[in-house]
Amino acid sequence: RTMEHLRRWGIAGRLRAAAPLPVAWSQRVVFCESLTGSRVTEFDGAFGLTPRRDDRFAEPGQQVPQPVVEDVLRAHLGERPGVQLRLGHAVTGLVQDGDGATVSVRDGHGSGYAVRARYVLGCDGASGVVREQAGVRFAGRSDPRPNFNVVFRAPGLDTHLGPAVQYWVVGGPTTGLIGRLDLNGTWWAGFPGIDASYGSMHASELITGLIGRPAGHEVLATDPWTARLMLADTFAAGRVFLAGEAAHVNPPWGGHGFNTSVGDAVNIAWKIAAVEHGWAPPQLLASYEAERRGVAEQTLACAESNMAALTGDLPADAATIQRVKRSEFYSLGLVLGYSYAGSPHVQPVQPSGPPPAADTTSYAPAARPGDRLPHAWFPDGTSLYDRLGTGFTLLGPGGRGGALAASARGRGIPLAELEPPPDYPWRDDFLLVRPDQHVAWRASDPDSIDLDLATGLAATAAGVWIAGTEVRN
């Protein structure tokens, strides 16, 4: 899903070019006795990785280290007019009032200054200043088991097990995870249950244990860490909104932390933009927590379930591993199938029966209000998502949205009209699609779509974009 967002911003291809491990290189997770030992079982097509076009999504998954993602995003921001990326600066405090917030910042030389803004989006992590200054608290727990990660160089290391994005070593005296960071001899390894003191003293021995023989490696870095399951008591306080690990912290098992964080930012960002551009009232912003808290809770629950069976807990038994770990590597239902149904700004629909059982492993496209818009390809090979407008889009039979389009113009709401591909299963319906590609309304008659509900606009609002002002101390 994050790759679909990157596609919308025009940088999915740039990230793939920068990624050290191309998707075509491997889509597998292998369980084994060691890198030189026997294969126990494997999961192919893990994490949505596929070298082939898939009708269900505009972009397949991509395994890539977060520093590479950050480099690509920094370069993209550097090309955007009106954006300042201030590396080495740190927020030290903030104070809110009825009109906005004043944020105190320290620059790289230790000098302080203030930024005045109408809204603050805290993306500064679990230990960040914004959540604390806003008076928001975390609730949750830490996993009692320690974890120890190692990055090492081993240019001559290879394995007869074939390419994989992860190797899980189970059933032996040394258990853990290991994989390539690039194709030039840089590897990572993770050891659940190993504390910092033991790991620091025995890092080379642990690596040798995963490999199954001495490999002439060089330890580059070590990182002890603790898995935490934390959720903020609120995602918003006044004019401050929390996104990512400032709002929720989940274990990395399944790889959903960064992706969920991006989803938060996308959700609140289009709403703030709508308010600032004057086509939605501030009341729209209250739907951020209503829509994202449930996603965070479900993601936390899945990560916790995945954490219940780590390498030291698993026998070298294929059937057991397939049963216990399948949800960790096949999670399209979690990352593509979550819904904002029940949001105050999504069409209320009377349920026709009991809700379907949540299946986080598989994804079946649906066009229910609140769902991510089902993806499709046009005959010329372009993605449906590529043709959506930058604001709302009315997707449906051509030439029949005139009254709704006129209503949108009268309210200043950006609304594009688009006819879906010829074989689109919902081509006879009218789907009002939000800027974040979720369905806000589904109807057989476009005149029945309530734009005021979808935008929170009780009456025509007017507004202009005014940048925050900066005052140097």
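Residues numbered from 1 in each chain as written. Predicted model: local features only at pLDDT ≥ 70, side-chain atom pairs only at ≥ 80, totals over all residues. Heavy atoms only, no water.

Draft legend 1. Molecular detail of the overall build of the protein chain. Along the backbone of the protein chain there are eleven helices and 19 strands. Across its three principal axes, the protein chain shows a C-alpha extent of roughly 70 × 60 × 40 Å. Out of the 473 residues in the protein chain, the part that is buried amounts to 51%. Accessible area for the protein chain stands at about 21100 Å²; split by element, carbon and sulfur atoms hold 52% of it. Treating the 41 positive side-chain charges of the protein chain as one cloud and the 48 negative ones as another, the clouds have centres 2 Å apart. (Helix = DSSP H or I, 4+ residues; strand = E, 2+ residues; numbered from the N terminus. Buried < 20%, exposed > 50% of the residue type's maximum accessible area, 1.4 Å probe, protein only. Areas by Shrake-Rupley, 256 points an atom, 1.4 Å probe, with all protein chains shown as cover. Lys, Arg positive; Asp, Glu negative; His and termini not counted. Charge placed at Lys NZ, Arg CZ, Asp CG, Glu CD.)

Draft legend 2. Summary view of the packing of aromatic side chains. Applying the stated criterion across every chain, the model contains 18 aromatic pairs. Aromatic side chains Phe43 and Tyr330 sit 5.9 Å apart centroid to centroid with 65° between the ring planes, which places their arrangement in the edge-to-face category. Highlighted residues: Phe43 in strand 2 (residues 39–44) and Tyr330 in the loop between helix 8 (318–329) and helix 9 (332–336), separated in sequence by 287 residues. For the pair Phe43 and Tyr330, one class covers both residues: buried. (Phe/Tyr/Trp six-rings, centres within 6.5 Å; stacked < 30°, edge-to-face > 60°.)

Draft legend 3. Layout of the pattern of salt bridges. Enumeration over the complete set of coordinates arrives at 28 salt bridges. With its nearest N and O atoms 3.1 Å apart, the salt bridge here joins Arg145 to Asp143. For Arg145, a relative accessible area of 27% corresponds to the partly exposed category. Between Glu419 and Arg427 there is a salt bridge; the shortest N-O distance is 2.9 Å. Ionic contacts of the salt-bridge type, sharing partners, join the residues Arg7, Arg16, Glu59 and Asp386 into one network. (Salt bridge = Lys/Arg side-chain N within 4 Å of Asp/Glu carboxyl O.)

Draft legend 4. Structural detail: the sheet that holds strand 12 (residues 236–237). A sheet is described by the order of its strands in space; here three strands give the open sequence 6-13-12, paired in mixed fashion. Whereas interior strands pair on both sides, the edge strands pair on one side only; in this sheet they are strand 6 (120–122) and strand 12. Summarising the sheet, strand 12 and strand 13 (residues 240–242) pair through two bridges and their orientation is antiparallel. The residue of strand 13 that forms the bridge with Ala237 is Val240. (Pairing = 2+ DSSP bridges.)

Draft legend 5. Representation of the environment of Ala17. Turning to its location among the elements, Ala17 is positioned in helix 2 (residues 12–18). By relative accessible area, Ala17 is classed as exposed at 68%. Separated by ten residues in sequence, Ala17 and Gln27 have C-alpha atoms that sit 17 Å apart.

Draft legend 6. Up close: the pairing of strand 17 (residues 430–433). Burial along strand 17 is two-sided: the residues Phe430 and Leu432 and Leu431 and Val433 are all buried. Pairing analysis gives four bridges linking strand 17 to strand 18 (residues 439–443), with the strands arranged antiparallel. Pairing of Val433 across the sheet is with Val439, part of strand 18. If you look at the hairpin formed by strand 17 and strand 18, you'll find five residues sitting between the two strands, and Gln437 has a positive phi there, around 75°.

Draft legend 7. Broad picture of the sheet that holds strand 17. Strand order in the open sheet formed by four strands is 16-15-17-18, and the pairing between neighbours is mixed. Lying at the two open borders of the sheet, with one neighbouring strand each, are strand 16 (415–418) and strand 18. Within the sheet, the average angular offset between the axes of one strand and its neighbour, ignoring direction, is 20°. (Axes fitted to C-alpha atoms, helices over the stretch in contact; angles between N-to-C directions.)

Draft legend 8. Seen up close, a nonpolar patch on the surface. Nonpolar side chains collect at one region of the surface, where Leu77, Val83, Leu85 and Leu87 lie side by side and expose about 330 Å² of accessible area between them. Within the secondary structure layout, Leu85 lies in the loop between helix 3 (66–78) and strand 3 (90–97). Take Leu85: its relative accessible area is 42%, and that puts it in the partly exposed class. (Patch = residues over 30% accessible without salt bridge, like charges linked within 9 Å, V, L, I, M, F, W, Y side chains within 5 Å.)

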